[in-house]
Amino acid sequence: MIQEKCMAWALLVVALVTNGCKTNEMTGEQSLEVERQECVMRGINHPITGKPYDIGAAIDAPVKGRQVLMDSIVTFLNQELYEFYESDEPGFLTYDEVATSDSRHLLAHYQEVYKEQLEKDSDRVSFDYLEVVLAAQTDSYVTYESNWSFYGEGLTISQNWVTFRKSDGRRFDCVISNDNLLRFMDEHPDLRSSDVWGDIQFKLSNGKDVSGLLENTGLVNDSVMHQHCYANGIFETMTYDLPTILPYLSKEVQDLVKGQ
């Protein structure tokens with residue numbers, strides 16, 4: 001029998017997030033307040049190392065802020081959770097059958113919907129842990145980071161980022177084009193990873209399409225994140241200084257950073 005524990009607690013102060021739910025006097029934009037929700041499906045021991053770890057998920061669910069922003073974030077969280085719970089057996093339920101607008105009980109809802117299937121098949125999900133957290137907040141945007149964890153011979157974490165404009169909830173899945181990121185790395189050799197650059201050049205010289213290696217980027221408070229995938233389960237995450245990479249970002253994202 002799967003032993004599950006679902007918890008939720010309010011984050012009164014989140015790193016990089018304004019305390020409470022206040023309105024910026026200059027922009028009129030309300031800060032986003034979130035609640036951490038966590039479901040531990042079960043604890044197991046690693047088959048190789050013997051070390052214990054949890055199987056489950058955790059999210060930062062929006063509870064206060066501009067409604068259009070919260071609606072957009074809740075849609076995103078639904079999509080991430082749906083993909084997580086359907087990862088090993090896609091198509092068991094449709095997204096419309098599962099999605100909910102109840103942000104206060106979002107994770108508990110998914111755990112309840114899939115409870116029977118999880119009881120029947122404790123290895124139903126392909127990933128061991130999903131964490132979707134509020135990674136950045138400024139006066140004009142917020143960014144969420146998704147960490148998809150898998151324990152094989154070691155811990156593997158696949159990351160992705162999504163940015164939302166506060167004023168209207170507009171979602172930005174891509175903050176910089178593949179060509180511009182490649183150009184940025186070419187023009188700033190001191191800021192790039194030599195291993196990542198070497199892997200990209202090797203693939204290019206062998207006629208490989210590297211667009212998928214460059215598209216996984218995210219905008220946080222003072223930098224742009226980029227996770228490079230060398231091969232399945234092998235990643236490296238870089239951090240690029242925002243003032244330096246800003247001219248390479250899309251025009252709309254540049255305006256977002258400048259608060260325009």
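Remember, it's a predicted structure, so these values are computed and weren't measured experimentally.

Draft legend 1. How the structure looks around the side chain of Glu80. Mapped onto the fold, Glu80 is located in helix α1 (residues 67-85). No salt bridge is formed by the buried Glu80, whose closest oppositely charged neighbour, Arg171, lies at an N-O distance of 5.6 Å.

Draft legend 2. Seen up close, the side chain of Ser146. With respect to the helices and strands, the residue Ser146 is situated in strand β5 (residues 141-151). Given a relative accessible area of 0%, Ser146 falls into the buried group. Only 2.7 Å separates the side chain of Ser146 from the side chain of Glu80, close enough to count as a polar contact. Among all residues touching Ser146, those that are not within four sequence positions of it are Phe76, Glu80, Glu131, Val132, Ser158, Gln159 and Asn160.

Draft legend 3. Here's a closer look at the pairing of strand β4 (residues 129-137). Most of β4 is tucked away, with eight of its nine residues classed as buried. Across eight bridges, the pairing between β4 and β5 is antiparallel. Looking at the pairing, Tyr129 lines up with Ser149 of β5. Hairpin geometry of β4 and β5 is characterised by an intervening segment of three residues between the two adjacent antiparallel strands.

Draft legend 4. A look at the nonpolar core. Among the nonpolar cores identified, the biggest contains 32 residues, and Leu32, Tyr85 and Tyr144 are the most heavily contacted of them. Among the secondary structure elements, those contributing two or more residues to this core are β2 (33-45), β3 (52-64), α1, α3 (106-113), β4, β5 and β6 (155-165). If you tally residues by element for this core, the top one is α1, at nine residues. One finds Val175, Ile176, Val224 and Leu246 within the second-largest nonpolar core, a separate group that totals 24 residues.

Draft legend 5. Highlighting the packing of aromatic side chains. Scanning all chains against the criterion turns up 11 aromatic pairs. Taken together, a centroid distance of 5.2 Å and an interplanar angle of 70° make the contact between Phe184 and Tyr240 edge-to-face. Here Phe184 is found in helix α5 (residues 178-187), whereas its partner Tyr240 is found in strand β10 (residues 234-241), with 56 residues between them in sequence. No difference in accessibility class separates Phe184 from Tyr240, as the two residues are buried. Here the aromatic residues Phe84, Tyr85, Phe92, Tyr110, Tyr114 and Trp148 are joined through ring pairs into a cluster of three or more. A cation sits over an aromatic face here: Arg170 above Phe172, 4.5 Å from the ring centre.

Draft legend 6. A look at the sheet that holds β10. With antiparallel pairing, the three strands of this open sheet are ordered in space as β8-β9-β10. Looking at the sheet topology across the chains shown, the edges are occupied by β8 (217-219) and β10. Strand-to-strand twist of the sheet, defined as the mean angle between neighbouring strand axes without regard to direction, takes the value 20°. Where β8 and strand β9 (residues 223-231) come together, three bridges link them in antiparallel fashion. Within the sheet, the bridge partner assigned to Leu219 lies in β9 and is Val224. The sheet contacts of helix α6 (residues 194-205) involve β9 and β10, and relative to β9 the element is tilted by about 55°.

Draft legend 7. Region of interest: the pairing of β6. Burial runs high along β6: eight of the 11 residues are buried. Across 11 bridges, the pairing between β5 and β6 is antiparallel. Within β6, the residue paired with Tyr141 across the bridge is Arg165. Pairing analysis gives two bridges linking β6 to strand β7 (residues 171-172), with the strands arranged antiparallel. Paired with Phe164 across the strands is Arg171, a residue of β7. Between β6 and β7, which pair antiparallel and follow one another directly, the connecting turn spans five residues, one of which, Gly169, has a positive phi of 75°.

Draft legend 8. Representation of the environment of Thr156. Relative to the helices and strands, Thr156 is located in strand β6. In this structure, the C-alpha to C-alpha distance between Thr156 and Asn232, residues 76 residues apart in sequence, is 9.7 Å. Not counting chain neighbours up to four residues away, the residues in contact with Thr156 comprise Trp148, Ser149, Phe150, Gly233 and Phe235. Within the local environment of Thr156, its side chain forms a polar contact with the backbone oxygen of Gly233, the two atoms lying 3.4 Å apart.

The rules behind these values
- Residues numbered from 1 in each chain as written.
- Predicted model: local features only at pLDDT ≥ 70, side-chain atom pairs only at ≥ 80, totals over all residues.
- Heavy atoms only, no water.
- Helix = DSSP H or I, 4+ residues; strand = E, 2+ residues; numbered from the N terminus.
- Buried < 20%, exposed > 50% of the residue type's maximum accessible area, 1.4 Å probe, protein only.
- Lys, Arg positive; Asp, Glu negative; His and termini not counted.
- Salt bridge = Lys/Arg side-chain N within 4 Å of Asp/Glu carboxyl O.
- Polar contact = N/O pair within 3.5 Å; in protein donor to acceptor, adjacent residues only side chain to side chain.
- Contact = heavy atoms within 4.5 Å.
- Pairing = 2+ DSSP bridges.
- Core = buried A, V, L, I, M, F, W, Y, C linked by side-chain atoms within 4.5 Å.
- Phe/Tyr/Trp six-rings, centres within 6.5 Å; stacked < 30°, edge-to-face > 60°.
- Lys NZ or Arg CZ within 6 Å of the ring centre and 35° of its normal.
- Axes fitted to C-alpha atoms, helices over the stretch in contact; angles between N-to-C directions.

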